[in-house]
Amino acid sequence: FAVGIARVAVAPRSSPMAVCTVKKVCCIGAGYVGGSTCSVVAYKCPEIKVTIVDVDAAKIAAWNSPDLPIYEPGLQEIVETARGRNLFFSADVDSAVTEADLIFISVNTPTKTFGLGKGRAADLKYIEASARRIVSLTKGRKIVVEKSTVPVRAAESIERIFEANRTEGVELEVLSNPEFLAEGTAVADLLNPSRVLIGM
């Protein structure tokens, strides 16, 4: 996945298949999924600037320190290799979203505490808030990748928010990259996946 991220083929509804060159990546969410995945992307793609952002300034400070906020075998070495070269951690969400060609949404999806599905269903409020933030900041074209532990059709929810709020000249493609990381082997699995699935 990381090796092929520089050139992503997307097919907008209104135009033929096009190839989009990705030079800057933003990941919204500096948790286990976003931090691990996008650190490996930066490590494997030194020509791409990867910025991992979060509204939690303390979490960002930890990512920028010698003591990372999560432990995963091999992650410390990967972060130390790429950090400051092409991997950056920031609390300035808006700037990173504005300049990115490709954006991962890797935010928390807690279980709903009220309403329909209380105690069972995933609460998508942070996904939806991220989608609204992205569309409000976008001018031109971006690729948005849903990469959180979310139910089926979450990408359609993101797309509906984009459709309802996009302005003229804004083109947002939504892709889904389901999260299957396992604690203890996440970095090894990202570097050497047992299989790669490609499809839309």
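You'll find the structure just up there.
Attention in this report is confined to the structure presented alongside it.

Cut-off values and rules
- Residues numbered from 1 in each chain as written.
- Predicted model: local features only at pLDDT ≥ 70, side-chain atom pairs only at ≥ 80, totals over all residues.
- Heavy atoms only, no water.
- Buried < 20%, exposed > 50% of the residue type's maximum accessible area, 1.4 Å probe, protein only.
- Helix = DSSP H or I, 4+ residues; strand = E, 2+ residues; numbered from the N terminus.
- Arc of directions from axis to C-beta.
- Contact = heavy atoms within 4.5 Å.
- Pairing = 2+ DSSP bridges.
- Axes fitted to C-alpha atoms, helices over the stretch in contact; angles between N-to-C directions.
- Left-handed = near helix turned anticlockwise from the far one by under 90°.
- Salt bridge = Lys/Arg side-chain N within 4 Å of Asp/Glu carboxyl O.

## Topic: helix α3 (residues 75–82)
Step number 1: Of the residues making up α3, those classed as buried are Leu75, Ile78, Val79 and Ala82. Axial view of α3: buried residues confined to an arc of 95°, hence all on one face.
Step number 2: Packed against the buried residues of α3 are α1 (32–44), α2 (57–63), β5 (87–90) and α7 (186–191).
Step number 3: Remark: Gly84 follows α3 within two positions and exhibits a positive phi of approximately 90°.

## Section: the sheet that holds strand β6 (residues 102–105)
Step number 1: Across the sheet, which stays open at both edges, the six strands sit in the order β5-β4-β3-β6-β7-β8 with parallel pairing between neighbours. Only two strands of the sheet have a single neighbouring strand rather than two, namely β5 and β8 (171–176). Going from strand to strand, the sheet's axes swing by 20° on average, the running direction of each strand aside.
Step number 2: As defined by bridge partners, strand β3 (residues 24–28) adjoins β6 across four bridges and the pair is classed as parallel. Looking across to β6, one finds that Ile28 is bridged to Ile105.
Step number 3: Contacting β3, β6, β7 (141–146) and β8, helix α5 (residues 125–137) runs over the sheet at an angle of about 160° to β6.

## Some points on the packing of α5 against helix α6 (residues 154–165)
Step number 1: The interhelical angle for the contact between α5 and α6, taken along N-to-C directions, is 35°, at an axis separation of 9 Å. For the crossing formed where α5 meets α6, the hand is right-handed. Of the residues in α6, those touching α5 at Ile127, Glu128, Ala131, Arg132, Ile134 and Val135 are Ser157, Ile158, Ile161, Phe162 and Asn165.

## Let's talk about the pattern of salt bridges
Step number 1: One pass over the structure, following the stated rule, counts four salt bridges.
Step number 2: When the shortest N-O distance is used, the salt bridge between Glu99 and Lys24 registers 3.7 Å. Of this pair, Glu99 sits in helix α4 (residues 93–99) while Lys24 sits in strand β3, and the two are 75 residues apart along the sequence.
Step number 3: Of the residues examined, Lys24 reaches a relative accessible area of 32% and is grouped as partly exposed.
Step number 4: The partner of Glu163 in a salt bridge is Arg166, and the shortest N-O contact between them spans 3.0 Å.
Step number 5: Exposure remark for Glu163: the relative accessible area of 44% places this residue in the partly exposed category.
Step number 6: For Arg166, a relative accessible area of 24% translates into the label partly exposed.
Step number 7: Through salt bridges with shared partners, a single ionic network connects Lys24, Lys49 and Glu99.

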